[in-house]
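# Breakdown of the fold
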Amino acid sequence: MLTGKVIEESKIGNYSVKFRYPKFEDLEDILKYINSLVEERVYINMQKKISKKEELEFLTDLLKNVENKEAVSLVAEVNGKVGGLANINKKRNAESHIGNFGISLRKDLRGKGIGKRLTELVIKEAVKNLKIEIVELEVFAENKVALNLYKKSGFKKVGVIKKGLKKDGKYSDHVFMVKYL
């Protein structure tokens, strides 16, 4: 059972970070974290705050998918609180060798190396547990911090859909990136 399993404990800058699989006890913490990202209006697809019921459904599905080897998910726990979350969801059928990657970090933790390490570890876990060979992701063109992280992590841009995303009434280019493992 992977729920809550610690993958690594590290000192990154001034932060003591525990990288681990999520667990049901993270519900309130992840809910506050996700809603803080929505409040901040970061470049994520979610545009409105979620309820505790919605987060419970998300976390239940996520933990089930992890146990069924359909996904890998890690949190970056900083000072006992969830400060980041990364997931790789395995695609199906003819695309079962591909994982779709997503990551988010609390504002105060960005640019410190935590996101880079979280990315490395979630990919490593996905290779081991999901047997993936390619990782793909999608990102808002304006999200320079994320684009920089992805490039540093070895992702290459493979395409763009002009005005493919719409947030707060404004269009954004939808960038697609891939990393071959």
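Look up a bit, the structure's there.
Thresholds applied
- All chains use their own residue numbering, which begins from 1 and follows the written sequence.
- Per-residue local features are limited, in this predicted model, to residues with pLDDT of at least 70; the limit for side-chain atom pairs, both in listing and counting, is 80 or more; totals at the level of whole chains, interfaces and linings are taken over all residues.
- By convention in this description, side-chain values take in all heavy atoms of the structure and omit both hydrogens and water.
- Starting at the N terminus, helices and strands are each numbered in turn, a helix being any DSSP run of H or I of at least four residues and a strand any DSSP run of E of at least two.
- Our radius of gyration looks at C-alpha atoms and nothing else; its globule reference is 2.2 Å times the residue count to the power 0.38.
- Contacts: residue pairs with any heavy atoms within 4.5 Å of one another.
- To be clear on the numbers: accessible area is Shrake-Rupley with a 1.4 Å probe, and residue cover counts the displayed protein chains and nothing else.
- For our purposes a nonpolar core is just a set of buried Ala, Val, Leu, Ile, Met, Phe, Trp, Tyr and Cys residues, chained together by side-chain atoms within 4.5 Å.
- Classification of residues uses two cut-offs on accessible area relative to the type maximum, computed with a 1.4 Å probe and protein chains only: under 20% is buried, over 50% is exposed, and between them is partly exposed.
- At least two bridges found by DSSP between two strands is the condition for calling them paired.
- Classification remark: right-handed applies to a crossover when, strands pointing away from the viewer, the course from the first strand over the helix to the second runs clockwise.
- Any carboxyl oxygen of Asp or Glu that lies within 4 Å of a side-chain nitrogen of Lys or Arg is treated as forming a salt bridge with it.
- Method remark: on a 1 Å grid restricted to protein atoms, a set of points is classed as a cavity if a 1.4 Å probe fits but cannot get out and as a pocket if it is open with protein on both sides within 12 Å along at least five of seven lines; lining residues have an atom within 4 Å of a point.
- Grid points are joined across faces, edges and corners, and a volume is the space filled by probe spheres set on the points.
- Just so you know the grouping, Ala, Val, Leu, Ile, Met, Phe, Trp, Tyr, Cys and Pro go in nonpolar, Asp, Glu, Lys and Arg go in charged, and all remaining residues, Gly too, go in polar.

## What about the overall build of the protein?
Secondary structure summary: the protein contains four helices and eight strands in total. Listed N to C, the secondary structure of the protein is β-β-α-α-β-β-β-α-β-α-β-β in terms of helices and strands. Its C-alpha atoms give the protein a radius of gyration of 16 Å, within 12% of the compact-globule value 16 Å for 181 residues. Seen through its C-alpha atoms, the protein measures out along the principal axes to roughly 40 × 35 × 35 Å. Long-range pairs, those at least 24 residues apart, make up 59% of the contacts in the protein between residues at least 6 apart in sequence. Within the structure as shown, the protein displays about 9900 Å² of accessible surface, and the carbon and sulfur contribution to it stands at 51%.

## Side note on the nonpolar core
With 51 residues, the main nonpolar core has Ile88, Phe101, Ile114 and Tyr150 as its most contacted residues. In terms of residue count, the dominant contributor to this core is helix α3 (residues 114-130) (seven residues). Aside from chain neighbours lying at most four places away, what touches Ile114 is Ile12, Tyr15, Val17, Phe19, Ala76, Leu105 and Leu109.

## Here we look at unusual backbone geometry
A positive phi angle, close to 55°, is found at Asn93, a residue other than glycine. Classification of Asn93 as exposed rests on a relative accessible area of 71%. With a phi close to 55°, Lys163 is a non-glycine residue in the positive phi region. Checked against the element boundaries, Lys163 lands in strand β7 (residues 156-167).

## Some thoughts on the pairing of strand β6 (residues 134-140)
Of all seven residues in β6, five are buried, a share of seventy percent or more. Where strand β5 (residues 98-105) lies against β6, three bridges are found, and the strand directions are parallel. Of the residues in β6, the one forming a bridge with Gly99 is Val135. Handedness of the β5-α3-β6 crossover: right-handed. Bridge analysis of β6 against strand β8 (residues 170-180) gives seven bridges, and the strand direction is antiparallel. Across the sheet, residue Leu137 finds its bridge partner in β8, namely Met177.

## What about the pattern of salt bridges?
Per the stated rule, a full pass over the model turns up 13 salt bridges. A salt bridge links Arg20 to Glu77, with the nearest nitrogen and oxygen atoms 2.7 Å apart. Pair noted here: Arg20 is in strand β2 (residues 15-20) and Glu77 is in strand β3 (residues 71-78), with a separation of 57 residues, a long-range link. Residue Arg20 is classed as buried on the basis of its relative accessible area, which comes to 3%. Between Glu95 and Lys91 there is a salt bridge, with the nearest N and O atoms lying 3.3 Å from each other. When its relative accessible area of 24% is taken as the criterion, Lys91 is described as partly exposed.

## Quick look at the layout of surface pockets
Empty space within the largest pocket amounts to approximately 1400 Å³. Lining the largest pocket are 48 residues, and of these Ile44, Gly102, Ile103, Ser104 and Tyr150 sit closest to its centre. Of all the elements in the fold, those that place two or more residues in the lining of the largest pocket are α1 (27-40), α2 (52-67), β4 (81-90), β5, α3, β6 and α4 (144-152). The leading source of residues in the lining of the largest pocket is α4, at seven residues. Counted by class, the lining of the largest pocket contains 24 nonpolar, 13 polar and eleven charged residues.

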